[in-house]
Amino acid sequence: MNDVVIPKGYRSQGTLIETEIHIKKIKDFFEKELFKALNLTRVSAPLFVDSSSGLNDNMTGYERPIVFRASAAGKDVEIIQSLAKWRIMSLHRYGFCEGQGLYTDMHIIKKDDTMDNLHSIYVDQWGWEKVISQDERNEAYLKSIVRSIYGVFRITESFVNSEVTATGHKLPQDIFFITAQELEDKYPDLNPREREQEICREHGAVFIMKIGDALKSGEKHDGRSPDYDDWNLNGDIHFWYPLLDTSMEISSMGIRVNEEALERQLKLAGAEDRRQLYFHKALLKGKLPYTIGGGIGQSRVCMYFLNKAHIGEVQASVWDEKIVTACRENGINLL
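Because the structure is predicted, anything quoted here is derived from the model rather than measured.

(A) Just the packing of helix α1 (residues 16-38) against helix α3 (residues 139-164), in detail. Orientation of α1 relative to α3, taken along the N-to-C sense of each, is 145°, at an axis distance of 9 Å. Like other packed secondary-structure pairs, α1 and α3 cross with a definite hand, here right-handed. Residues H22, K25, I26, F29, F30, E33, L34, A37 and L38 of α1 form the contact with α3, whose participating residues are I145, S148, I149, V152, F153, I155, T156, F159, V160, E163 and V164.

Structural data, given as structure tokens:
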């Protein structure tokens, strides 16, 4: 259901053009600090890929990509939903070495997504991917990268408060780590979304690990496509967002599947037919590098640091009339 929460007494701060200027400053600063922290090089990203390539991501498995006929090419293509597999292929094609990586400025359309304060059918992300060694495919290395990314958020927060607009420091010094199973054990009577709320309320910044497999209850914390993240070596970064009294997922990332993990997860997901796709065959034959990567939501980063009540205040998208009216009547200025 499309809906909007109106914080008590909220009014958008600044004019529309002032907000646009602030968005540009934050994005430029964050992007620069991210590629320095992870040793990344920017590359161009596609908006759509060949439907038969297997490079588009199935995400949780129920999202439907937008497919259309590219008449001049004589083939069906689909709007990207994520570029994890494309980035892995690109690391191989471009000849990146261990310790080096790439990032992209991704623009995604998710036509089946809900619309509310945090969700839009338009998604803009920094998608990144880095070559690692087989020995780095472990939880300790995953946590070290999470801490590096969290350091970028902390530096950006200081920059925003000193150089953009004073919204106050909200992030704790350190990010808290917990697995999805530990979270279920801690809050067995809550659903996954409610568990995220409670752990973020307590710690402020949390990385929830090991998402994709069924938990002891038989349920999954959240869905994950079987063919990019290793479900034992992945997770989501969540921040507590006081303005909306909620947790905000800011990034999803993970160490990617190797041959063994891909075989296991395809079987668990009942998706073994994907083994015949170009990407999957290359990975199973050991032709692709081991990598770690993820996506960081640009609009959510800006929303968080500018203390905005609605994601439509930091991105231009389409909303239903109920949301447009509620925002107009309550001082929320949609771009």
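(B) Region of interest: the pattern of salt bridges. For the structure on display, the rule yields 21 salt bridges. Two residues, D230 and R137, come together in a salt bridge whose shortest N-O distance is 2.9 Å. Taken together, the residues D230 in strand β9 (residues 229-241) and R137 in the loop between β6 (122-132) and α3 connect sequence positions 93 residues apart. Each of the two residues, D230 as well as R137, counts as buried. R201 is paired through a salt bridge with D245; the nearest N and O atoms lie 3.2 Å apart. A residue pair is termed long-range when its members are at least 10 positions apart, and R201 in helix α5 (residues 192-203) and D245 in the loop between β9 and β10 (246-256) qualify at 44 residues. A relative accessible area of 41% means that R201 is categorised as partly exposed.

(C) Local environment of the sheet that holds strand β5 (residues 101-109). Pairing in this open sheet of 8 strands is mixed, and the strands run β1-β5-β6-β11-β10-β9-β8-β7 from one edge to the other. Only two strands of the sheet have a single neighbouring strand rather than two, namely β1 (40-42) and β7 (176-179). Strand-to-strand twist in this sheet, taken as the mean axis angle between neighbours without regard to direction, amounts to 25°. The pairing of β6 with strand β11 (residues 290-297) spans 8 bridges and is classified as antiparallel.

(D) Representation of the side chain of N161 within the structure. Mapping N161 onto the fold places it in helix α3. By relative accessible area, which is 19% here, N161 ends up buried. Polar side-chain contacts of N161 include one of 3.0 Å to the backbone nitrogen of T167. If we skip the residues at most four places from it in the chain, N161 touches A166, T167, G168 and H169.

(E) Spatial organisation of the packing of aromatic side chains. A complete count under the given rule lists 12 aromatic pairs for this structure. Relative to Y103, the ring of F35 has its centre 6.1 Å away and its plane inclined at 5°; by these criteria the two rings are stacked. Of this pair, F35 sits in helix α1 while Y103 sits in strand β5; the two residues are 68 residues apart in sequence, bridging distant segments of the chain. Ring geometry for F177 and F207: centres 5.9 Å apart, planes at 75°, overall edge-to-face. Highlighted residues: F177 in strand β7 and F207 in strand β8 (residues 205-209), separated in sequence by 30 residues. Residue F177 shares its accessibility class with F207, and that shared class is buried.

(F) Summary view of unusual backbone geometry. The residue K210 is not glycine, and still its phi comes out positive at about 60°. Here K210 lies in the loop between β8 and β9. Residues other than glycine seldom take positive phi values, yet D245 does so here, at roughly 50°. D245 sits in the partly exposed class, given a relative accessible area of 45%.

Scoring rules and cut-offs
Residues numbered from 1 in each chain as written. Predicted model: local features only at pLDDT ≥ 70, side-chain atom pairs only at ≥ 80, totals over all residues. Heavy atoms only, no water. Axes fitted to C-alpha atoms, helices over the stretch in contact; angles between N-to-C directions. Helix = DSSP H or I, 4+ residues; strand = E, 2+ residues; numbered from the N terminus. Left-handed = near helix turned anticlockwise from the far one by under 90°. Contact = heavy atoms within 4.5 Å. Salt bridge = Lys/Arg side-chain N within 4 Å of Asp/Glu carboxyl O. Buried < 20%, exposed > 50% of the residue type's maximum accessible area, 1.4 Å probe, protein only. Pairing = 2+ DSSP bridges. Polar contact = N/O pair within 3.5 Å; in protein donor to acceptor, adjacent residues only side chain to side chain. Phe/Tyr/Trp six-rings, centres within 6.5 Å; stacked < 30°, edge-to-face > 60°.

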